[in-house]
Amino acid sequence: MKKNFPMIVFSCMTAVVLLICIYRSLPRKDAAEKAPEIADVIVAVDATPETETEAAWETETGRETESVWDENKRVALTFDDGPHPVYTVKLLDGLAERGIQATFFVIGENIPGNEEIIARMNQEGHLIGNHTYDHVKITDLSVEEACEQVEKTSALVKEITGKDTEYVRPPFGSWRKDLECSFEMIPVLWDVDPLDWTTCNVSDVVRRVLEAVEPDDIILLHDYYESSVDAALLIVDALTEQGYTFVTVDELILE
Ligand code: NI
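Residues numbered from 1 in each chain as written. Predicted model: local features only at pLDDT ≥ 70, side-chain atom pairs only at ≥ 80, totals over all residues. Heavy atoms only, no water.

(A) Looking closely at the overall build of the protein chain. A count of helices and strands for the protein chain gives nine helices and seven strands. For the protein chain, the proportion of its 255 residues judged to be buried stands at 38%. A separation of at least 24 residues holds for 75% of the contacts in the protein chain among residues at least 6 apart in sequence. Carbon together with sulfur atoms contributes 56% to the accessible area of the protein chain, which is approximately 15,300 Å² in total. (Helix = DSSP H or I, 4+ residues; strand = E, 2+ residues; numbered from the N terminus. Buried < 20%, exposed > 50% of the residue type's maximum accessible area, 1.4 Å probe, protein only. Contact = heavy atoms within 4.5 Å. Areas by Shrake-Rupley, 256 points an atom, 1.4 Å probe, with all protein chains shown as cover.)

(B) Focus on the nonpolar core. Ranked by internal contacts, the top residues of the largest apolar core, which has 32 residues, are Phe104 and Ile219. It is helix α8 (residues 226-241) that provides the largest number of residues to this core, a total of seven residues. Not counting chain neighbours up to four residues away, the residues in contact with Ile219 comprise Val75, Ala76, Leu77, Thr78, Val192, Val209, Val213 and Leu239. By size, the runner-up hydrophobic cluster in this structure holds 11 residues, among which are Val136, Cys147, Val150 and Phe183. (Core = buried A, V, L, I, M, F, W, Y, C linked by side-chain atoms within 4.5 Å.)

(C) Just the packing of helix α5 (residues 115-123) against helix α6 (residues 143-161), in detail. Relative orientation of the contacting elements α5 and α6 amounts to 65 degrees, with a least axis distance of 9 Å. Taken together, the axes of α5 and α6 lie roughly perpendicular to each other. Between α5 and α6 lies a crossing of right-handed hand. Each of Glu115, Ile118, Ala119 and Asn122 in α5 lies in contact with α6, whose residues at this interface are Val157, Ile160 and Thr161. Grouping the amino acids of the contact of α5 with α6 by side-chain chemistry returns four nonpolar, two polar and one charged. (Axes fitted to C-alpha atoms, helices over the stretch in contact; angles between N-to-C directions. Parallel < 35°, antiparallel > 145°, perpendicular 65-115°, else oblique. Left-handed = near helix turned anticlockwise from the far one by under 90°. Nonpolar A, V, L, I, M, F, W, Y, C, P; charged D, E, K, R; others polar.)

(D) Summary view of the side chain of His222. Inspection of the secondary structure puts His222 in strand β6 (residues 217-222). Overall, His222 belongs to the buried group, its relative accessible area being 8%. Those residues within four positions of His222 in sequence are excluded, and the remaining contacts are Phe79, Asp80, Asp81, Asp196, Trp197 and Ser228.

(E) Representation of the state of the cysteines in the model. Applying the stated criterion to the full structure yields one disulfide. Between the sulfur atoms of Cys147 and its disulfide partner Cys181 the distance amounts to 2.0 Å. Linking Cys147 and Cys181, the disulfide has an S-S dihedral of approximately -85 degrees and is accordingly described as left-handed. With Cys147 in helix α6 and Cys181 in the loop between β4 (167-168) and β5 (186-187), this residue pair connects regions lying 34 residues apart in the sequence. Across the pair, exposure class does not vary: Cys147 and Cys181 are buried alike. (Disulfide = S-S within 2.5 Å.)

(F) Representation of the packing of aromatic side chains. Per the counting criterion, the structure on display carries two aromatic pairs. When the centroid spacing of 5.4 Å and the interplanar angle of 25 degrees are considered together, the rings of Phe79 and Phe104 count as stacked. Here Phe104 lies in strand β2 (residues 103-106) and Phe79 lies in strand β1 (residues 74-80), a separation of 25 residues in the sequence. With a centroid separation of 6.3 Å and an interplanar angle of 80 degrees, the aromatic rings of Tyr224 and Tyr225 are classed as edge-to-face. Residue classification places Tyr225 among the partly exposed positions, given a relative accessible area of 32%. The ring of Tyr133 has Lys152 lying over it, and the distance from NZ or CZ to the ring centre is 4.0 Å. (Phe/Tyr/Trp six-rings, centres within 6.5 Å; stacked < 30°, edge-to-face > 60°. Lys NZ or Arg CZ within 6 Å of the ring centre and 35° of its normal.)

Fair warning: the whole summary comes from geometry, so function is off the table for now.
Here is the structure:
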């Protein structure tokens, strides 16, 4: 037995080497599956229609895609409580990438130090509205105090953009109709409120908006939270796919 031991070890090793060789020479399943993908890529690159039928089919498909887009299916994204030095900038970048305009209801006390963000909003075609100076409930104030809240904020914006903030989103949605300040004001409420400030869960915010939204709706979000900004950009992508176009609130309100 002792004499045969080296022989047994040698035989076992030979058998293992042989098995490995046989295994490696077998056709690999994953390689067989990948081959058609490469062929697909080649077909995709060669996408120019070669026959009239093919061209006609592509035109027809193009028309179908176009009919999904409907200029009457509009929606307005509105963002309250900003500007935020980081999240508002992230949002503006995302909106610019997508060529989308939104409405920002800014808080006056958040403007000092963030003047460049206000200037950028204006330059990129967003509408800047008023959300009071320090987020107060307008109905708790006297006419004078309430006017001071909106006038102070409007003056800060006007210094940067040259325009008054004609559209006002009253904090907590409470507005007093007898308010006549030094410039014309149009109160703007909302149709869809996902309560984005109550959660950090991006997909919850996206789902709440997508479940509720209808054409001509005003969606309320806050550019003061990163999760809301991330959700907003996902909402833009999903609604664009559904054929929605994005407008600023003045376009929905003035018609
Ligand atoms: Ni607010």
